[in-house]
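# Geometric and topological summary
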Amino acid sequence: MVLVLAAATLTLAGFDHQLTIRVVGSGVAIVLMYAGVGFVVARRQPRNPIGWLLLIFTVLYVLGAGASYYAVLRYHLGHRGLPLAPVAVVLATLQAPALALFPPVILLFPDGRLTSRRWRRVLWVYAALTAYVTAVTVAPAIAAVAGHDIRLNARGNLTNTSQLGGWLANPPAWLIVPVFVLIVVTGLSFVTHQVLSWRRAAGERRQQLKWLASGAAIAVFSILLAALLGVPVLLIGLAALPVGIGVGILKYRLYDIDRIISRTLAYAIITGLLIGVYAALVLLATQVFRFHAPVAVAAATLAAAALFAPVRGRVQRMVDRRFNRALYDADQTVAAFAARLKDAVDLDSVRDDLARVATRALEPAHVSVWVNERGA
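A brief look at the structure comes next. (Residues numbered from 1 in each chain as written. Predicted model: local features only at pLDDT ≥ 70, side-chain atom pairs only at ≥ 80, totals over all residues. Heavy atoms only, no water.)

### Concerning a nonpolar patch on the surface
A contiguous nonpolar patch, built from Val220, Leu224, Leu228 and Leu229 and spanning about 440 Å² of accessible area, is present on the exposed surface. With respect to the helices and strands, the residue Leu224 is situated in helix 9 (residues 204-229). (Patch = residues over 30% accessible without salt bridge, like charges linked within 9 Å, V, L, I, M, F, W, Y side chains within 5 Å. Areas by Shrake-Rupley, 256 points an atom, 1.4 Å probe, with all protein chains shown as cover. Salt bridge = Lys/Arg side-chain N within 4 Å of Asp/Glu carboxyl O. Helix = DSSP H or I, 4+ residues; strand = E, 2+ residues; numbered from the N terminus.)

### Description of the packing of aromatic side chains
In total, this model carries six aromatic pairs according to the counting rule given. In this structure an aromatic cluster arises from ring pairing among Tyr34, Phe57, Tyr61 and Phe102. Arg206 extends its terminal NZ or CZ atom over the ring of Trp198, reaching a point 4.1 Å from the ring centre. (Phe/Tyr/Trp six-rings, centres within 6.5 Å; stacked < 30°, edge-to-face > 60°. Lys NZ or Arg CZ within 6 Å of the ring centre and 35° of its normal.)

### Digging into unusual backbone geometry
Geometrically, the link from Phe109 to Pro110 is a cis peptide bond, its omega value of 0° lying close to zero. Topologically, Pro110 is positioned in the loop between helix 6 (102-108) and helix 7 (117-146).

### Structural notes on helix 9
With 26 residues, helix 9 extends 37 Å between its outermost C-alpha atoms, agreeing within 8% with the 38 Å of an ideal straight helix rising 1.5 Å per residue. Where helix 9 ends, the next residue or the one after it, Gly230, has phi of about 70°, a positive value. (Expected span 1.5 Å × (residues − 1).)

### Let's talk about the pattern of salt bridges
The final tally for this structure, using the stated rule, is two salt bridges. For Arg113, the salt bridge goes to Asp111, with nearest N and O atoms at 3.4 Å. Between Lys251 and Glu204 there is a salt bridge; the shortest N-O distance is 2.8 Å. A residue pair is termed long-range when its members are at least 10 positions apart, and Lys251 in the loop between helix 10 (240-250) and helix 11 (257-288) and Glu204 in helix 9 qualify at 47 residues.

### Quick look at the nonpolar core
With 23 residues, the main nonpolar core has Tyr34, Ile50, Leu54, Phe102, Phe109, Leu241 and Ile245 as its most contacted residues. Of all elements in the fold, only helix 2 (21-44), helix 3 (49-75), helix 6, helix 9 and helix 10 reach the threshold of two or more residues within this core. Of all hydrophobic cores here, the second largest spans eleven residues; its members include Ala67, Tyr70, Ala85 and Leu152. (Core = buried A, V, L, I, M, F, W, Y, C linked by side-chain atoms within 4.5 Å. Buried < 20%, exposed > 50% of the residue type's maximum accessible area, 1.4 Å probe, protein only.)

What follows is the structure in structure tokens.
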């Protein structure tokens, strides 16, 4: 269903002359990722509401986008005769309410259950606040359709809401501002709850929350980067959030998160350092020593390439000591054992030492050492 809606939305965007790289690239990838994770979670754990929330969120968001393009085609570009155009005007308002479905996903992660009755009351308050915002969003469209006076701009937004009076059409600032503030504060409380849970958690639950936090961090970073650089395609990083949610819930390769975090941080630091060195060398060569630009660029490129290997090794060790301590300690333990093994002559001591090293580095449930003594 999501695939059909996505294809129809792209087609309508093309008719409206709004089919951009942002819509085709990042938009489709993000939508399919959210829908895919929701489908897999709902199928594997049908009693977990997170999968269903992701699916409903994706369907409503894509349906709203497609309806918006359809309504623009009829009421802004003047293609008369399109059926169900008034319905599309109403459905186009579903995108904003659809976004309200996502904060509960954070609160309910990973098993879909609330930790206390207090959070149940908070969730009911959040539902009431979002219901009011939904009414404020949808009511003008319903009034415009009922009054047969529909005027849209190129983005599909109503430009005339005079048919509806009162707080739904023009909610007073003293009401709408506190409502939005409460929604934001409530959503942040969901995030704070998971942060505190991570501080108290251990073992498997801690790894699940690491996947959630890592996906959220990449998603937020991609939004900031896209806004600062003006490159909408970078929004594809939003797909990291459903990936983190899906892996955390399904516990697939759960314990790889420490390695992923350490590698990601290491290469991000390396990239930043090498870009800084490259820019500094180019500026130094062209502005101070007055070399020709092609020569300076070539020299800076060779210098950055030569620095890659030593910088990568040093930065990776630094990051592993901080963010992947288990792997770093295991490597150090094995290295120390290899050094002791060179001078070992007693087979029993080597066997005992090997068992201790394996237990410390790998933490197995049982350790057995088999020695072939026929060659002795």
